[in-house]
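Notes for the structure review
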Amino acid sequence: MSRVVIDRLSHAFTSRKEKLAVLDKLSFEVYPEEVVTILGPSGCGKSTLLRCLAGLLVPSEGTIEIDGQFPATLRQKKELGFGFQEPSLMDWRTVADNIALPSELGIQNGVPSELKRRLDDMLNIIQMTDFRRHYPSQLSAGMKHRTALARALILEPKVLLLDEPLAGLDLLTRRELMGQISILLERQKCTTVIVTHSVEEAIFWGDRVILLTHRPASIMQIVEHRERHPRTLTYAESIEFHNLVDQCSDMILGLSQRTNE
Amino acid sequence: MNKKKIIVPIAVLLAVLATWEIATRLANVPIYVLPAPSYVAQAIFDPRTQLLKHTSITVGESVCGLLIGSLVGLCLGMILAESKSARLAFLPYVIGSNAVPVVAIAPLVVMWFGYGFLSRAVVSAFLCFFPLCINAYRGLQEADTHFRELFDVYGATRSQYLLKARLPYAMPFIFAGAKLNATYAVIGAVVAEFIGTTAGLGYGMVHASYNLDTPRLWAYLVVSITLGISFYGIVWFLEFWYRRRHE
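Keep in mind that this is a model prediction, so the values were computed, not measured. (Residues numbered from 1 in each chain as written. Chains lettered and ligands numbered in written order. Predicted model: local features only at pLDDT ≥ 70, side-chain atom pairs only at ≥ 80, totals over all residues. Heavy atoms only, no water.)

Looking only at helices and strands, chain B has nine helices and zero strands in total. The buried share of chain B, taken over its 247 residues, is 43%. Taking all contacts inside chain B whose residues are at least 6 apart in sequence as the whole, residues at least 24 apart take part in 72%. Accessible surface, chain B as shown: approximately 13,500 Å² in total, 72% of it carbon and sulfur. (Helix = DSSP H or I, 4+ residues; strand = E, 2+ residues; numbered from the N terminus. Buried < 20%, exposed > 50% of the residue type's maximum accessible area, 1.4 Å probe, protein only. Contact = heavy atoms within 4.5 Å. Areas by Shrake-Rupley, 256 points an atom, 1.4 Å probe, with all protein chains shown as cover.)

Below, the structure is given as structure tokens:
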């Protein structure tokens, strides 16, 4: 299982006129099989951090190592799964074909029968077996998100990165998917980093919650949370869970007030 | 298909034809100014019009122009979408080519390629390449906003990205360009036939206008419009078939 080490990571977007610092000397580790959630105010650089972790962006300063390798190397070996904010499904491919897409790209290193087994298994977990031949236009928003999640997990990645996996969904669907994602994370046992701006989601999924400050983001606080996975919606109703949510919310509100002053 | 979609346009056409027929007869409009639809119909079926001969020539030139122009447009659109240097070097000229009046380019093409079939097909192709080129380019570019990072994450090669994401995403744009081309191909061929030919619908129109044979001029016009609509219908059907298979 993989260990992610982020060391003094800084990133700035530069244009001809200005330099916009987004990340400021972030250092932390994500241990094997751990789920770390990144929580912070909107526009603080959470998604930029995730893109750096995926090797889609080269950071201005600092290093990221996954088991001693650069993220780009892991990506080429297809050992990295990424779930985008938007499901980004292909309208011309069925649910099954969308999920299987990663196996068709880059180096072809999968065994077809094994892939088929994993695909069936994944469809079963996300409760979409009956929809395998449907097209994205025939799915609800929640189903699209579940399909995108299955696509990120189909190659059984060592590291899973999820960017706001429930963005744009209604409250009921969010609740339902929160539980399903927790089950998936328990089954896959991969090192996971999830970015979200929802305090509830961050606490529900994370073994540790990293709270970021406003841009340029630095680490404000790390909250430990050792409740076993899979976490159920009953747990989300517990006093312990709500206390943690309140604690994190207070920290974020305190930060906002200090920024406004 | 909704029956209204067929019945309403046909009813409108019949109403216009009826009004036209009655108005021209009541007002005694001279036949060389505006012939009644019945005179146009007579001209269509008149053997001296040689409609089959002229139409088959124009169809050949239009189909050839449509295929060559669309293929060149698609290839150029793909090159522009794939290469930044190609965009820098050629995009302004591709856009500029759309401003060239086809009536002005036709005599030049005839000078370069002679009075035969080829020059008329080239004019038709020239008119067809731009819509497909720009539409394909736009569709291929737009795919980037949705799928670029997804394919980067899984280490996709350029050809995988082109074949699995960009081209399928751009298909509606490509079909939109092809539908425009369906009518442009006929226009290009007809305009090219205005110059130095002895056959084709364009030649027929020029010949009829010199002789003040307005019903026959209208007959060629009606057939060329019908040709354009038929080509459009074929492309529309291809798009319908494609979408049923893939969506």
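For the rest of this paragraph, the subject is the nonpolar core. Core analysis: the largest hydrophobic core is formed by 90 residues, its most contacted members being Ile 38, Leu 53, Leu 161 and Trp 205 of chain A together with Phe 147 and Phe 151 of chain B. Considering each element in turn, this core owes the most residues, six residues, to helix H8 (residues 239-260) of chain A. If sequence neighbours within four positions are ignored, Phe 147 of chain B has contacts with Ser 88, Leu 89, Met 90 and Trp 92 of chain A together with Tyr 161, Ala 165 and Tyr 169 of chain B. Within the second largest apolar cluster, 31 residues are counted, among which are Leu 132, Tyr 137, Leu 167 and Met 205 of chain B. (Core = buried A, V, L, I, M, F, W, Y, C linked by side-chain atoms within 4.5 Å.)

Contact residues are listed per partner, giving 18 residues for chain B and 24 residues for chain A. Summed over both partners, the interface of chain B with chain A buries about 1,900 Å², with 64% contributed by carbon and sulfur atoms. Our enumeration of links across chain B and chain A arrives at two salt bridges. Joining chain B to chain A, the criterion identifies six residue pairs in polar contact (both at pLDDT 80 or more). Only helix H6 (117-153), helix H7 (158-193) and helix H9 (214-246) of chain B provide two or more residues apiece to the side of chain B that touches chain A. Ranked by residue count, the leading element in the side of chain B that touches chain A is H6 of chain B, at seven residues. Along the lines of polarity and charge, the residues of the side of chain B that touches chain A split into nine nonpolar, four polar and five charged. (Buried area = accessible area lost by both parts, 1.4 Å probe. Salt bridge = Lys/Arg side-chain N within 4 Å of Asp/Glu carboxyl O. Polar contact = N/O pair within 3.5 Å; in protein donor to acceptor, adjacent residues only side chain to side chain. Nonpolar A, V, L, I, M, F, W, Y, C, P; charged D, E, K, R; others polar.)

Residues and elements named next belong to chain A. Per the stated rule, a full pass over the model turns up two cavities of 30 Å³ or more. Lining the largest cavity are 14 residues, and of these Phe 84, His 145, Ala 148, Leu 149 and Pro 165 lie nearest its centre. Of all the elements in the fold, those that place two or more residues in the lining of the largest cavity are helix H5 (141-153) and helix H6 (171-188). Here the element with the most residues in the lining of the largest cavity is H5; it accounts for four residues. Here the residues of the lining of the largest cavity are counted per class, giving nine nonpolar, three polar and two charged. (1 Å grid on protein atoms, 1.4 Å probe; cavity = no way out; pocket = protein on both sides within 12 Å on 5 of 7 lines; lining within 4 Å. Points joined across faces, edges and corners; volume = space filled by probe spheres on them.)

This part is about the packing of aromatic side chains. Applying the stated criterion across every chain, the model contains 12 aromatic pairs over all chains. A ring pair is formed by Phe 82 of chain A and Phe 84 of chain A, whose centres lie 4.6 Å apart and whose planes are at 40°; its orientation type is tilted. Between Phe 175 of chain B and Tyr 242 of chain B, the ring centres sit 5.7 Å apart and the planes meet at 50°, which makes this aromatic pair tilted. A residue pair is termed long-range when its members are at least 10 positions apart, and Phe 175 of chain B in helix H7 and Tyr 242 of chain B in helix H9 qualify at 67 residues. (Phe/Tyr/Trp six-rings, centres within 6.5 Å; stacked < 30°, edge-to-face > 60°.)

Right, let's get into the sheet that holds strand E8 (residues 208-212) of chain A. Residues and elements named next belong to chain A. Sheet architecture is open: six strands sit in the order E5-E6-E7-E3-E8-E9, paired in mixed fashion. Only two strands of the sheet have a single partner each, and these edge strands are strand E5 (80-83) and strand E9 (219-224). The average undirected angle you get between the axes of adjacent strands in this sheet is 15°. Of the strand pairs in this sheet, E8 and E9 are connected by five bridges, and their pairing is antiparallel. By the bridge assignment for E9, Leu 211 is matched with Gln 221. (Pairing = 2+ DSSP bridges. Axes fitted to C-alpha atoms, helices over the stretch in contact; angles between N-to-C directions.)

Checked against the element boundaries, Arg 174 of chain A lands in helix H6. Ignoring sequence-local partners within four residues, the contact set of Arg 174 of chain A consists of Leu 166, Gly 168, Leu 169, Ser 198 and Glu 201 of chain A.

Let's shift gears to the sheet that holds strand E4 (residues 61-66) of chain A. All names here are of chain A. Strands sit in the order E2-E1-E4 across an open sheet of three strands; the sheet is antiparallel. Strands at the two margins of the open sheet, each flanked by one partner only, are strand E2 (19-30) and E4. Across the sheet, the axes of successive neighbouring strands diverge by a mean angle of 25°, strand direction being ignored. In terms of strand pairing, strand E1 (residues 4-14) meets E4 through five bridges, oriented antiparallel. Paired with Ser 10 across the two strands is Glu 61, which belongs to E4.

The next subject is the confidence of the model for chain B. Residue and element names in this part refer to chain B. Mean pLDDT over chain B stands at 92; residues scoring 70 or higher make up 99%. Across chain B, the element-wise mean pLDDT spans from 87 in helix H5 (residues 102-113) up to 95 in helix H3 (residues 51-82). Model confidence for the complex is summarised by a pTM of 0.83, with the ipTM given as 0.86. (pLDDT = per-residue confidence, 0-100.)

All names here are of chain B. The calculated volume of the largest pocket comes to roughly 610 Å³. Around the largest pocket, the lining is made up of 19 residues, and of these Leu 13, Val 222, Ile 225, Thr 226 and Ile 229 lie nearest the centre. Those elements that provide at least two residues to the lining of the largest pocket are helix H1 (3-26), helix H2 (37-45) and H9. Its residues placed into classes, the lining of the largest pocket shows 17 nonpolar, one polar and one charged. In this structure, the second largest pocket encloses a volume near 370 Å³. Leu 67, Ser 70, Ala 178, Val 235 and Leu 238 are the residues nearest the centre of the second largest pocket, which is lined by 15 residues in total. Elements with a minimum of two residues in the lining of the second largest pocket: H3, H7 and H9. The element best represented in the lining of the second largest pocket is H3, accounting for six residues.

Residue and element names in this part refer to chain A. One pass over the structure, following the stated rule, counts zero disulfides over all chains. Free of any disulfide, Cys 44 has its nearest neighbouring cysteine sulfur in Cys 52, separated by 13 Å. The cysteine Cys 248 is free of any disulfide, with Cys 44 supplying the nearest cysteine sulfur at 14 Å. According to the relative accessible area criterion, Cys 248 is buried, its value standing at 0%. (Disulfide = S-S within 2.5 Å.)

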